[in-house]
Amino acid sequence: MTYLVLIIALVFLLLSIQTTFLRVVFPGDIVPDLILIAAVYCGIHLKKSRGIWVAALIGFFQDCLSGGLLGVNFLSKGLAGLFFCVIKDKIIVQGIIPIGFFIFATSLVDGMIYFLAMTSLLGGQVKGNFLFSSIILFGVCNAVIAPFLFYIFDKVRQWLHRKFPSQVFESI
Amino acid sequence: MFSLVLMTVNARYDKVNLFFESVVVWFVSPAQNFFTSVANSITDVFDHYLFLVEVSNEKDRLLLEMVRLSKKNNELLERNKLLERSSNLTEFAGEDERPFVVAKVIGYDATQWSKVIFINRGTDHNVEKNLSVVTDAGVVGHIIHASLKSSKVLLITDSRSAVDSLFQETRKSGITVGTGEDICEMKFVPTSAKVSVGDKVISSGLGGVFPKGLMVGTVVDIVKQDRELFQDIRVATSVDLSSVEEVVVLLSGQEEG
């Protein structure tokens, strides 16, 4: 129970940073998506299918703190969690380059899901040219941040594992 | 399936405030308050430092010393600035008959794609959906979701935002829409209409959200094409939306501001 409360507290901390600090650090149009990186991390490192549900859940929290269509991030982060949960045993996601590459690819998919959902359900209210011009930069930004964030998540995971031993995560 | 149901419900019944959304916002808003305060403090330190670099060496040395020795003084200065901004806002809002409430910006959108800010006033302060949010410089946006103690404001630069507007001088009308970037576009202005760079754009009062006469922005670019019916007009917002700290919510009823 304590473990669960700590995980939820960490997710809320991440959401708070996403909605406050990041705009100060990245004052331009492009802001990294910490939630997307966390969703991929959960998909890779949580045991069994937990990664899918945790990724989808934090996507839902992100939806609640966004002005976009409710459910878009639930879907995109859930899919990211599902994808990495399924293929984590078949690929190597260690090191700066693989992490950066997978986060970049996931960012592109995340942006496309948002674009498709908004254009199909809200009748083309999103300007495609804006999205396509910024989606690459968004992916690059996430890819640059991701290895550093993965390192922090690893440290937190190891600390949690020492303090509250459990079988939630894959072996460390 | 759940996400598809959520999206469909959200898209079709836009006026429904989902319970979960309010709960999450309620939980996160205190943390947002805290982080915004910390972030503002850090920004202030940087601003002051950079400012000091630009002045003469003597002033630089004295001011740096003052900042270092007198933390209390700095706090008072910040409080004074806050009061000054609040005073400008209340003075501006007080010119209108409508009741209003002053709110502080406590957070930004959790995603890359929407232009939304969070403010620290909600239904407890009579804030409700579709109320206009402004500053003394002009239009900021409108409320799209109100929780107990905080609300979401859709900025006019969001691609789903539209403000019925007119040019202050010529009184020609159009619709100012967001582009998703830091600039807006004015749509449906015929090519025959005379528009120049620097023209002021104000809200027309149509649409029921924004009162008439609020400053929306200034024309910065015009593209006219012979075969097109309408001009492509780019409008810079009158409010610097990337650094707005306090806003005024214009209330709808007869509540006191």
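Scoring rules and cut-offs
Residues numbered from 1 in each chain as written. Chains lettered and ligands numbered in written order. Predicted model: local features only at pLDDT ≥ 70, side-chain atom pairs only at ≥ 80, totals over all residues. Heavy atoms only, no water. Helix = DSSP H or I, 4+ residues; strand = E, 2+ residues; numbered from the N terminus. Contact = heavy atoms within 4.5 Å. Areas by Shrake-Rupley, 256 points an atom, 1.4 Å probe, with all protein chains shown as cover. Phe/Tyr/Trp six-rings, centres within 6.5 Å; stacked < 30°, edge-to-face > 60°. Buried < 20%, exposed > 50% of the residue type's maximum accessible area, 1.4 Å probe, protein only. Expected span 1.5 Å × (residues − 1). Patch = residues over 30% accessible without salt bridge, like charges linked within 9 Å, V, L, I, M, F, W, Y side chains within 5 Å. Salt bridge = Lys/Arg side-chain N within 4 Å of Asp/Glu carboxyl O.

Peer 1: Summarise the overall build of chain B; cite the residues concerned and give the values.
Peer 2: The helix and strand tally for chain B stands at 4 helices and 12 strands. Here the analysis covers contacts within chain B between residues at least 6 apart in sequence; of these, 57% occur between residues at least 24 apart. Accessible surface, chain B as shown: approximately 13700 Å² in total, 56% of it carbon and sulfur.

Peer 1: Describe in detail the packing of aromatic side chains, supporting the description with residues and values.
Peer 2: Residues and elements named next belong to chain A. One pass over the structure, following the stated rule, counts 14 aromatic pairs over all chains. Between Phe-60 and Phe-74 the ring centres are 6.2 Å apart and the planes differ by 85°, which places this aromatic pair in the edge-to-face class. In this pair, Phe-60 is assigned in helix H4 (residues 50-64) and Phe-74 in helix H5 (residues 72-87), connecting sequence segments 14 residues apart. An identical accessibility class is assigned to Phe-60 and Phe-74; each is buried.

Peer 1: Provide a residue-level description of H4(A), including the pertinent values.
Peer 2: All names here are of chain A. In this model H4 runs 21 Å from its N-terminal to its C-terminal C-alpha over 15 residues, within 8% of the 21 Å that 1.5 Å per residue would give. Of all 15 residues that make up H4, 11 are buried, and the element is covered over most of its length. If you check which residues of H4 are buried, you get Gly-51, Ile-52, Ala-55, Ala-56, Ile-58, Gly-59, Phe-60, Phe-61, Gln-62, Asp-63 and Cys-64.

Peer 1: Could you give me a rundown of a nonpolar patch on the surface, with the residues and numbers involved?
Peer 2: A grouping of A:Leu79, A:Leu82 and A:Val86 is seen on the molecular surface, where their side chains present a nonpolar patch of about 240 Å² in accessible area. With respect to the helices, strands and loops of the structure, A:Val86 is situated in helix H5.

Peer 1: Lay out the pattern of salt bridges with the relevant residues and their values.
Peer 2: In the structure shown here, the tally under the stated rule is 8 salt bridges over all chains. As a salt-bridge pair, A:Asp33 and A:Lys77 come within 3.1 Å of each other at their nearest N and O atoms. You can see A:Asp33 sitting in the loop between helix H2 (21-25) and helix H3 (34-45) and its partner A:Lys77 sitting in helix H5, a full 44 residues away along the chain. Taking relative accessible area as the criterion, A:Asp33 reaches 2% and is therefore assigned buried. With a shortest N-O distance of 3.6 Å, B:Lys115 and B:Asp182 are connected by a salt bridge. One end of the pair, B:Lys115, is in the loop between strand S1 (100-108) and strand S2 (116-119); the other, B:Asp182, is in the loop between strand S7 (173-178) and strand S8 (183-187), and 67 residues separate them in sequence. Since its relative accessible area comes to 11%, B:Lys115 is described here as buried. Via salt bridges that share partners, A:Asp33, A:Lys77 and A:Asp110 belong to a single interconnected network.

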